[in-house]
Amino acid sequence: MNSVQLIPLLIVGLTGSVHCIGMCGGIVGALSSKMTTPNKTVIPIVAVAPAHTLSKVLAYNAGRIGSYMMAGALAGGLASWAQALSALVGLQLGLYWLANLMLVALGLYLMNVWQGVTLLERGGRVLWQLAQPIMMPMMKSLMPTVHLHQAFLLGALWGWLPCGMVYSVLLTAMFSGSAADGALVMLAFGLGTLPMLVGLGLVGDRLQRTLQRRPVRWVCGLLVLAFGLLGLYRAIGGLTPHWMSNLCLTPQH
């Protein structure tokens, strides 16, 4: 998987990071305050924070993205393992179709045309109800964060919370067909969320307003949608021409 193929996932992370404020904004804000429990309504102000606070915010996000990559590797590895055990000739093509269909769905989501990806979040909340009795005490034990390793561990735990955007990209990681590509997909998405969550105090307010503008969301959504449609067009033609594999999200053979 090359860098061009990861562009739509980076865009999804950047544009979808407005959604991340509700999920992660409070916990990042808690890193620069004396709160002992996460509060989803707090907006982090890191531009005026001391260096050690910014270090904690970065450590938190490193843990969060690390969890994304681990989940992506597990999902992609699972698909690769199933493919290796299966004698179905069409499985590779099926993964290819699903990966690009998910890009289409994400593009429509960014354009506010179709909110189908939020259904994944509802399913994730069921799993979260089972994990919450274990996860929440662990997260509260790390608050307030004093050391960098606490912020990193907190981010690593927070990365597993139910989120429709994350689950949607995680499915794309699964359809990528390998553990390495699955991790790269989630890395690109995670890096896309960084400007909003790390720089919120500096340019985040302006960035948030910009990303919420209808023309911006449509341009970003159309770009992601175009990548998906291009991949589907290539699938219809039997995955030819091969030069298009440099642009399309293509699982490994």
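Just so it is clear, the structure is predicted and the values come from calculations on it, not from any experiment. (Residues numbered from 1 in each chain as written. Predicted model: local features only at pLDDT ≥ 70, side-chain atom pairs only at ≥ 80, totals over all residues. Heavy atoms only, no water.)

Engineer: Go over the layout of surface pockets, please, and point to the residues and values.
Structural biologist: Estimates place the volume of the largest pocket at around 300 Å³. If you go around the largest pocket, you meet 18 residues; those closest to its centre are L127, W160, L161, Y167 and L170. Elements represented by at least two residues in the lining of the largest pocket include exactly α2 (51–85), α4 (118–141) and α6 (164–175). At 7 residues, the largest contribution of residues to the lining of the largest pocket is made by α4. (1 Å grid on protein atoms, 1.4 Å probe; cavity = no way out; pocket = protein on both sides within 12 Å on 5 of 7 lines; lining within 4 Å. Points joined across faces, edges and corners; volume = space filled by probe spheres on them. Helix = DSSP H or I, 4+ residues; strand = E, 2+ residues; numbered from the N terminus.)

Engineer: Go over unusual backbone geometry with me, naming the residues and quoting the values.
Structural biologist: Along the chain, M143 connects to P144 via a cis peptide bond; the corresponding omega equals -5°. Residue placement: P144 occurs in the loop between α4 and α5 (148–158). One non-glycine residue, N112, adopts positive backbone phi at about 60°. The topology assignment puts N112 in the loop between α3 (91–110) and α4.

Engineer: Kindly report on a nonpolar patch on the surface, identifying the contributing residues and their values.
Structural biologist: Among the surface-exposed residues, L93, W97, L98, L101 and I236 lie close enough to one another that they form a single nonpolar patch of about 440 Å² accessible area. Per element, the largest residue contribution to the nonpolar patch is 4 residues, and it comes from α3. With respect to the helices and strands, L93 occurs in helix α3. We classify L93 as partly exposed; its relative accessible area is 34%. (Patch = residues over 30% accessible without salt bridge, like charges linked within 9 Å, V, L, I, M, F, W, Y side chains within 5 Å. Areas by Shrake-Rupley, 256 points an atom, 1.4 Å probe, with all protein chains shown as cover. Salt bridge = Lys/Arg side-chain N within 4 Å of Asp/Glu carboxyl O. Buried < 20%, exposed > 50% of the residue type's maximum accessible area, 1.4 Å probe, protein only.)

Engineer: Explain the nonpolar core to me, using residue names and the numbers behind them.
Structural biologist: Within the largest apolar cluster, 27 residues are counted, with the highest numbers of intra-cluster contacts made by V12, L106, V169, M186, F189 and V224. Every element with two or more residues in this core is listed here: α1 (7–31), α2, α3, α6, α7 (179–198) and α9 (214–236). The biggest single contributor to this core is α3, with 6 residues. Setting aside anything within four residues of it in sequence, one finds V169 in contact with L9, V12, L106, V185, M186 and F189. Grouped together as the second largest cluster of nonpolar side chains are 13 residues, A59, M135, M139 and L154 included. (Core = buried A, V, L, I, M, F, W, Y, C linked by side-chain atoms within 4.5 Å. Contact = heavy atoms within 4.5 Å.)

Engineer: So what's going on with the packing of aromatic side chains? Which residues, and what values?
Structural biologist: A complete count under the given rule lists 1 aromatic pair for this structure. Between Y68 and F189 the ring centres are 5.8 Å apart and the planes differ by 45°, which places this aromatic pair in the tilted class. Of the two residues, Y68 is situated in helix α2 and F189 in helix α7; the sequence distance between them amounts to 121 residues. The same class applies to Y68 as to F189, namely buried. (Phe/Tyr/Trp six-rings, centres within 6.5 Å; stacked < 30°, edge-to-face > 60°.)

Engineer: Explain the environment of Y60 residue by residue, including any values.
Structural biologist: With respect to the helices and strands, Y60 occurs in helix α2. Between the alpha carbons of Y60 and A156 there is a distance of 7.3 Å; along the sequence they are 96 residues apart.

Engineer: Could you give an account of the confidence of the model for the chain, naming the residues involved and the relevant values?
Structural biologist: Mean pLDDT over the chain: 79, with 75% of residues reaching 70 or higher. Counted against residues more than four places away or in other chains, residues 34–48, with its pLDDT under 50, gives 37 contacts. (pLDDT = per-residue confidence, 0-100.)

Engineer: Please give an account of the environment of V12 that cites residues and values.
Structural biologist: On the secondary structure map, V12 appears in helix α1. Residues V12 and V224, spaced 212 residues apart in sequence, show a C-alpha to C-alpha distance of 7.5 Å. Not counting chain neighbours up to four residues away, the residues in contact with V12 comprise S17, L106, L110, M165, V169, F189 and V224.

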